[in-house]
Amino acid sequence: HRNAKPEDLGLTERQAEVLALMASGKSNRNIADLLGLTEGTVKIHVTAIFKALGVTSRTQAMVVLARQKIRL
């Protein structure tokens, strides 16, 4: 596998930021606080990220990141 970039998966810069924070173990609440967003907005980003990665959970998302060597 080559190192994929978030945009290769159809993720926006903001979604890539959210994904990176998810990967570091941050909760939606923490991510919202760090990025100056509402928790609802973070949830919308998370849903879009899951759809782009073809997963239904944070754990599955982390597996995809590892397998595809995605650089955030």
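No experiment lies behind these values; they were computed from the predicted model shown.

Enquirer: For this particular structure, what's the right way to read the pattern of salt bridges?
Expert: Side chains carrying opposite charge are able to pair once their charged atoms draw close together. All chains considered together, the criterion is met by 3 salt bridges. Between Arg14 and Glu17 there is a salt bridge whose closest N-O contact spans 3.0 Å. Residue Arg14 and its partner Glu17 are both found in helix H1 (residues 13–23); the two are separated by 3 residues, about one turn of the helix. The partner of Arg29 in a salt bridge is Asp33, and the shortest N-O contact between them spans 3.1 Å. You can see Arg29 and its partner Asp33 sitting in helix H2 (residues 28–35), 4 residues apart, about one turn around the helix. On the basis of relative accessible area, Arg29 is assigned to the partly exposed category, the value being 39%. A single network of salt bridges, built from pairs that share partners, joins Arg29, Asp33 and Glu39.

Enquirer: Would you mind showing me how to read H2 here?
Expert: Quick reminder: α-helices carry 3.6 residues per turn. Residues three or four places apart thus point the same way. Residues of H2 that are buried: Asn28, Ile31, Ala32 and Leu35. Projected down its long axis, H2 shows its buried positions confined to an angular sector of 100°, all on one face. Exposed residues on H2 whose side chains face more than 90 degrees from its buried face are Asp33 and Leu34. Tucked inside the fold, the buried residues of H2 contact H1, helix H3 (39–53) and helix H4 (58–67). Where H2 ends, the next residue or the one after it, Gly36, has phi of about 70°, a positive value.

Enquirer: I tried to follow H1 on my own but got confused; where do I start?
Expert: Turning to H1, its buried residues number three or more, namely Gln15, Ala16, Val18, Leu19, Leu21 and Met22. Considering only its buried residues, H1 is in contact with H2, H3 and H4. After H1 finishes, the residue Gly25 shows a positive phi value of roughly 90°.

Enquirer: Mind showing me how you'd approach the packing of H1 against H2 here?
Expert: Packed helices, taken two at a time, are described by the angle between their axes plus the distance between the axes. Two numbers describe how H1 lies on H2: the axes approach to 10 Å, and their chain directions differ by 130°. Between H1 and H2, the angle is such that the two are oblique. Of the two possible hands of crossing, H1 and H2 adopt the one that is right-handed. Facing Arg14, Glu17, Val18, Leu21 and Met22 of H1, the residues of H2 in contact are Ile31, Leu34 and Leu35. Among the residues forming the contact of H1 with H2, the class breakdown is 6 nonpolar, no polar and 2 charged.

Calculation criteria
Residues numbered from 1 in each chain as written. Predicted model: local features only at pLDDT ≥ 70, side-chain atom pairs only at ≥ 80, totals over all residues. Heavy atoms only, no water. Salt bridge = Lys/Arg side-chain N within 4 Å of Asp/Glu carboxyl O. Helix = DSSP H or I, 4+ residues; strand = E, 2+ residues; numbered from the N terminus. Buried < 20%, exposed > 50% of the residue type's maximum accessible area, 1.4 Å probe, protein only. Arc of directions from axis to C-beta. Contact = heavy atoms within 4.5 Å. Axes fitted to C-alpha atoms, helices over the stretch in contact; angles between N-to-C directions. Parallel < 35°, antiparallel > 145°, perpendicular 65-115°, else oblique. Left-handed = near helix turned anticlockwise from the far one by under 90°. Nonpolar A, V, L, I, M, F, W, Y, C, P; charged D, E, K, R; others polar.

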